[in-house]
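What follows is each chain in one-letter form.
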Amino acid sequence: MMTPTDIKSAGSRYIALGSALEERARAFRDDAAPTPRCFGLVEGASRELDDHYLDFYTETSDYITDLHRKLTAAGTALLRIGRNQERVEAHEQEQIRRLPHGD
């Protein structure tokens, strides 16, 4: 069974991964953005190729953005679950402490 600390640690790693991915996504959007004369690092060759590259660029940007959001949401949920589990365990311990002890 995972402890609350394990769950919160996993949540933090998901959030860190999402942040790292966002940095890479920003670099991709900036460095590979199509311009009127070229797309990415390749000189524009034909309208058809330009259209295909624009489709690739848009789909890749959308995919990375969606993945970033999902990783961040999963990490946030794991952090919340870990904190909630800690509260439940603390409450259980308090209830056990309050039980009458037969002497």
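Just so we're clear, the structure is a prediction, and the values are computed from it rather than from any experiment. (Residues numbered from 1 in each chain as written. Predicted model: local features only at pLDDT ≥ 70, side-chain atom pairs only at ≥ 80, totals over all residues. Heavy atoms only, no water.)

**Student:** Whenever I open this one, the overall build of the protein chain confuses me. Can you help?
**Tutor:** On a plain count of helices and strands, the protein chain comes out with two helices and two strands. Seen in sequence order, the protein chain has helices and strands lined up from the N terminus as α-β-β-α. In terms of overall size, the protein chain is more extended than a compact globule, its C-alpha atoms giving a radius of gyration of 24 Å where 103 residues would be expected to give roughly 13 Å. Dimensions of the protein chain, computed from C-alpha atoms along their principal axes, come out at roughly 90 × 20 × 15 Å. Counting only residues that meet the buried cut, the protein chain has 21% of its 103 residues in that class. At a minimum sequence separation of 6, the contacts of the protein chain that also span at least 24 residues come to 74%. (Helix = DSSP H or I, 4+ residues; strand = E, 2+ residues; numbered from the N terminus. Rg over C-alpha atoms; globule rule 2.2 N^0.38 Å. Buried < 20%, exposed > 50% of the residue type's maximum accessible area, 1.4 Å probe, protein only. Contact = heavy atoms within 4.5 Å.)

**Student:** I tried to follow the pattern of salt bridges on my own but got confused; where do I start?
**Tutor:** A pair can form between side chains of opposite charge whenever their charged atoms are brought close. This structure, assessed with the given rule, holds six salt bridges. Taking the shortest distance from any N to any O, the salt bridge between Glu86 and Lys8 comes out at 2.8 Å. Within this pair, whereas Glu86 is found in helix α2 (residues 47-98), its partner Lys8 is found in helix α1 (residues 4-31), the two being separated by 78 residues in sequence. Taking relative accessible area as the criterion, Glu86 reaches 30% and is therefore assigned partly exposed. On the accessibility criterion, Lys8 (23% relative accessible area) is partly exposed. A salt bridge links Glu94 to Arg97; the shortest N-O distance between them is 2.5 Å. Of this pair, Glu94 and Arg97 both sit in helix α2, three residues apart, which is roughly one turn of the helix. Note on Arg97: relative accessible area 55%, which makes it exposed. (Salt bridge = Lys/Arg side-chain N within 4 Å of Asp/Glu carboxyl O.)

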